[in-house]
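# A structural walkthrough
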Amino acid sequence: MEEQTVHTGKKPRRLAGWVKMLIAVLVTLALSNGVWCLLLGRSGMAMVQTWILARFAFVDTAADLDQAMDAGLNSFVNGLGDRWSYYLNEERYQQTTARRANNYVGVGITIDYSREEGLLVREVTEDGPADKAGVLVGDVIIAADGVSLAGEVREKGADYIKGEAGTQVVLTLLGEDGSTRDATCTRATLHNPSADGKLLEGNVGYVKLDNFYSGSADSFKKEVDALVEQGAESLIVDVRSDPGGYVTELEKILDYLLPEGPVFTHKARWWVESVYQSDADCIDLPMVAIVNTDTYSAAELLAAQLRESVDAPIVGELTSGKGYSQVTFPLVNGGGVGLSTATYCTGSGHSLIGEGIVPDVELSLNEGAVIGGENDNQLQASIDLLTK
């Protein structure tokens, strides 16, 4: 609706409004000249103009310009037409940064909901807050800060245990001997290992790699080395539902696993193409990779390169077909923008864009099965490839 002027016989006092309008016009004119125009171009200048006009001329002074800018930046990035680029507001940027550091704030326990009385403690992180407070595997957490976690409440029990680093939570524990006790845990920032391994029947080593974020290569190497020491004669690398991560972590894992040769090709917009080489040291074991539709980025490339370098068969589902790498740039508003800045391929130069990985054994996970669990038919198919 357009604004209508009503004549009352009095001169409306609009001096303040005209001052704001004048400021907006002057600032816009200043920005439209010189280096700013060259740097931003007409479209970029239009974005700046719009913000200035909204700041000084928009009638609703209570409007949340930060929220509007978040929406605008998100739409702008989506408008690039690249499904892999993204905008993060300040809160999401901080959360993403912490997640990619493979850190979390907590007390250092893994729980399940199988007990009606509360939360069953399955694992306790060594030297973590819960370990220091005397929490044991097999304990049942029946209350947190006096709030009962029995019955349906236990489904939200983790929310009662979470909190900021440095704060405390009192856990009431039901021991395996039937006794109850309290344990006061001081929440802390803990490192979350990216890899978890176990030795299966037939001396098959199995490693599930959750991501390629900070420390993932060291975590992966630690698990594989332990399996080799235990007598593993073959290796399954499981990258199902792995979102990928950092190129540097991928390179370390490729070099660790594979024999001498090209293992990764990378080309950024303004750089020459780089081909990364693995040295002669490697894990000299038969290998199989497991993938699914949620295997992305570095995880997808790892599986493809295992097949290319050592003929490792791949089990699972057709993968996503990602071939762009992103850089997340921090923004002055506290958020961040992740932009696809380079393409990548296997060592031989094969791109996965638009085609993904077609597994050697195409197989969907059984309904109700848990990845790595007893009913995991994709894992069993991988074991069969290595033992029959």
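Here, the structure is the one placed above.
Fair warning: this is a prediction, and the values are worked out from it, not measured in the lab.

### Digging into the nonpolar core
Proteins that are soluble and globular tend to have nonpolar side chains buried together. With 36 residues, the main nonpolar core has F220, L257, L302 and L306 as its most contacted residues. The set of elements that each furnish at least two residues to this core consists of β11 (204-209), α7 (216-229), β12 (234-238), α8 (247-257), β13 (261-268), β15 (287-291) and α9 (297-310). When residues in this core are grouped by element, the largest group, seven residues, is from α9. Excluding its chain neighbours within four sequence positions, the residues that come into contact with L257 are F220, L235, C282, I283, M287, L302 and L306.

### Quick word on unusual backbone geometry
One non-glycine residue, D127, lies in positive phi territory at about 65 degrees. Tracing the backbone through its elements, the reader meets D127 in the loop between β4 (119-124) and α5 (129-132).

### Details of helix α10 (residues 377-387)
If you check which residues of α10 are buried, you get N377, Q378, L379, A381, S382 and I383. Residues of α10 that are buried make contact with β10 (195-200), β11, β12, β15 and β16 (314-316). The N-capping residue of α10, defined by a side-chain oxygen 3.1 Å from the backbone nitrogen of Q378, is D376.

### Notes on the pairing of β15
The element β15 is largely enclosed, with a buried count of five among its five residues. Residue alternation in β15 divides its side chains into two sets, M287, A289 and V291 and V288 and I290, and both sets are buried. Relative to β15, β12 is paired through four bridges, and the arrangement is parallel. Bridging from a neighbouring strand, V237 pairs with A289 of β15. Looking at chain direction, β15 and β16 are connected through three bridges and run parallel. Counterpart to V291 in the pairing with β16 is G316.

### So, the environment of G335
Assignment of secondary structure puts G335 in the loop between β17 (324-330) and β18 (336-345). On the basis of relative accessible area, G335 is assigned to the buried category, the value being 1%. Sequence spacing of G335 and S234 is 101 residues, and the spatial spacing of their C-alpha atoms is 44 Å. Setting aside chain neighbours within four positions, we find G335 in contact with L88, N89, E90, Y93, F329 and P330.

Definitions and cut-offs
Residues numbered from 1 in each chain as written. Predicted model: local features only at pLDDT ≥ 70, side-chain atom pairs only at ≥ 80, totals over all residues. Heavy atoms only, no water. Core = buried A, V, L, I, M, F, W, Y, C linked by side-chain atoms within 4.5 Å. Buried < 20%, exposed > 50% of the residue type's maximum accessible area, 1.4 Å probe, protein only. Helix = DSSP H or I, 4+ residues; strand = E, 2+ residues; numbered from the N terminus. Contact = heavy atoms within 4.5 Å. Polar contact = N/O pair within 3.5 Å; in protein donor to acceptor, adjacent residues only side chain to side chain. Pairing = 2+ DSSP bridges.

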